[in-house]
Amino acid sequence: MLITPTLCMLLIAFATAALPAKVPRGLGEAGARANATRGAKLIALTFDDGPKPYVLMGTRSGKGVLSQSLLGLLDHQGVKATFFVMGWRLSQNADAKCRQEDGGVCREAAEEEHRRGHEIENHTYGHGNFRSMVKRYGEGWVLNDIERASIVIQKTTGERPTYLRPPDWTIWPELEQKIEARGYHVMTKSSSVPPALRDVDSEDYFCAGRDVTKCPKPSDYDYVLRDIAQRERQGVEQHILVFHELPQSVELLSRLIPELEKRGYRFVTLRTYMAAAHGQ
Ligand SMILES: [Zn+2]
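Remember, predicted model here, so these are calculated numbers, not experimental data.

A. Structural detail: the overall build of the chain. Helix and strand counts for the chain come out as 12 helices and 8 strands. When the 280 residues of the chain are sorted by exposure, 49% land in the buried category. Within the chain, counting contacts between residues at least 6 apart in sequence, those at least 24 apart form 72% of the total. Accessible surface, the chain as shown: approximately 14,100 Å² in total, 53% of it carbon and sulfur.

B. Examining the coordination of the zinc ion more closely. In this structure, Asp49 (OD), His123 (NE2) and His127 (NE2) serve as the protein donors to the zinc ion, at separations of 2.1 Å. Asp49 sits in the buried class, given a relative accessible area of 16%. His127 gets classed as partly exposed once you look at its relative accessible area, which sits at 24%.

C. Quick peek at the pattern of salt bridges. Counting across every chain of the model gives 18 salt bridges. A salt bridge links Arg107 to Asp95; the nearest nitrogen and oxygen atoms lie 2.3 Å apart. Taken as a pair, Arg107 in helix α6 (residues 106–115) and Asp95 in helix α5 (residues 95–102) lie far apart in primary sequence, 12 residues in all. Both residues of the pair, Arg107 and Asp95, count as buried. For Arg271, the salt bridge is made with Glu119, and the minimal N-O distance between the two is 3.6 Å. Here Glu119 lies in strand β3 (residues 119–122) and Arg271 lies in helix α12 (residues 270–278), a separation of 152 residues in the sequence.

D. Quick peek at the side chain of Glu245. Positionally, Glu245 belongs in the loop between β7 (238–244) and α11 (247–262). At 2.7 Å, the side chain of Glu245 forms a polar contact with the backbone nitrogen of Lys52. Beyond its immediate chain neighbours, meaning those up to four positions away, Glu245 contacts Phe47, Asp48, Gly50, Pro51, Lys52, Val55, Leu56, Phe83 and Glu113.

E. Up close: the state of the cysteines. Here the structure, examined in full by the defined rule, presents 2 disulfides. What pairs with Cys98 in a disulfide is Cys106, and their sulfur atoms sit 1.9 Å apart. Its S-S torsion of about -105° marks the bond between Cys98 and Cys106 as left-handed, since a negative value means left-handed. The two residues Cys98 and Cys106 agree in class, both being buried.

F. Molecular detail of the side chain of Gln238. Note on placement: Gln238 falls in strand β7. Looking at Gln238, its side chain comes within polar contact range of the main-chain oxygen of Ala40, at 3.0 Å.

G. Geometry of the packing of aromatic side chains. Tallied over the entire structure, the rule returns 4 aromatic pairs. Relative to Phe83, the ring of Phe47 lies with its centre 5.2 Å away and its plane at 20°, an arrangement referred to as stacked. With Phe47 in strand β1 (residues 42–50) and Phe83 in strand β2 (residues 82–85), this pair connects stretches of sequence that are 36 residues apart. For the pair Phe47 and Phe83, one class covers both residues: buried.

H. Inspection of unusual backbone geometry at higher detail. Residue Pro51 is reached from Gly50 by a cis peptide bond, and omega for that bond is -5°. Considering the arrangement of structural elements, one finds Pro51 in the loop between β1 and α3 (53–57). Across the junction of Lys217 and Pro218, the peptide omega takes the value -5°, indicating a cis bond. Mapped onto the elements of the fold, Pro218 is located in the loop between β6 (199–201) and α10 (220–233). Despite not being glycine, Asp49 has its phi angle at roughly 80°, a positive value. Phi is positive for Trp169, close to 60°, though the residue is something other than glycine. Mapped onto the fold, Trp169 is located in the loop between β4 (163–164) and α9 (173–181). Among the residues examined, Trp169 registers a relative accessible area of 15% and is labelled buried.

Basis of the calculations
- Residues numbered from 1 in each chain as written.
- Predicted model: local features only at pLDDT ≥ 70, side-chain atom pairs only at ≥ 80, totals over all residues.
- Heavy atoms only, no water.
- Helix = DSSP H or I, 4+ residues; strand = E, 2+ residues; numbered from the N terminus.
- Buried < 20%, exposed > 50% of the residue type's maximum accessible area, 1.4 Å probe, protein only.
- Contact = heavy atoms within 4.5 Å.
- Areas by Shrake-Rupley, 256 points an atom, 1.4 Å probe, with all protein chains shown as cover.
- Donors = N, O, S within 2.8 Å, 3.2 Å for Na, K, Ca; no water.
- Salt bridge = Lys/Arg side-chain N within 4 Å of Asp/Glu carboxyl O.
- Polar contact = N/O pair within 3.5 Å; in protein donor to acceptor, adjacent residues only side chain to side chain.
- Disulfide = S-S within 2.5 Å.
- Phe/Tyr/Trp six-rings, centres within 6.5 Å; stacked < 30°, edge-to-face > 60°.

Dropping the structure here:
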């Protein structure tokens with residue numbers, strides 16, 4: 001190939017642009033991306049309770065429920081998301097149950113999430129409510145349930161999770177401190193943290209299944225946009241949105257993602273989001 005002076009300049013410009021920005025020591029890649037996103041309108045899309053192959057890959061559940069492919073949608077929209085998975089689904093013992101109920105091997109679906117550049121975080125192993133589990137088995141059991149999930153996630157993706165979302169957001173300060181002492185950031189809806197670091201509940205789980213009487217009116221689409229508009233009025237332009245791996249949510253997001261992009265939002269993984277939001 002003949003390298004002309006113009007092409008040479010272009011190559012230099014490209015190489016320079018590809019260099020990571022100077023970042024504080026320890027923040028690494030997420031920090032580099034955070035530098036580029038600081039102060040920007042950002043959304044971290046997160047999904048709880050998976051992996052569910054029929055929703056992720058767009059197949060059919062054991063009950064015959066069809067879904068569009070969530071991973072396909074995210075790819076199509078160029079969005080990287082964060083999945084708070086239940087650890088038990090990633091164990092080999094779950095393969096048969098996953099095939100039967102969720103139309104595929106959950107473990108393989110998690111591998112696929114990771115392969116496509118999404119982040120996988122901890123939603124405990126068994127998804128037991130912390131209050132009831134502590135009452136029944138003690139605090140040590142809950143801490144072990146979190147660790148068990150991290151081990152199986154790391155076995156699947158090679159990466160250890162750093163975020164923990166308690167089932168139903170049930171948590172209290174003493175337990176939270178113990179979890180954080182083990183290296184996790186605990187996700188919360190509590191007003192004790194700044195709005196940008198609070199989970200925004202889409203309430204999508206009210207819009208699935210047989211009883212949809214609690215599904216936000218006139219629609220969940222309007223509900224999420226209204227919530228974001230309200231936060232914007234308080235000067236908050238960064239949001240952690242919580243959805244579940246449900247066919248309804250894939251359909252909802254196929255409209256929500258383009259609308260939010262039109263309003264100037266960029267979608268990033270939780271690590272990138274937190275590095276940017278904390279740095280404000
Ligand atoms: Zn959950």
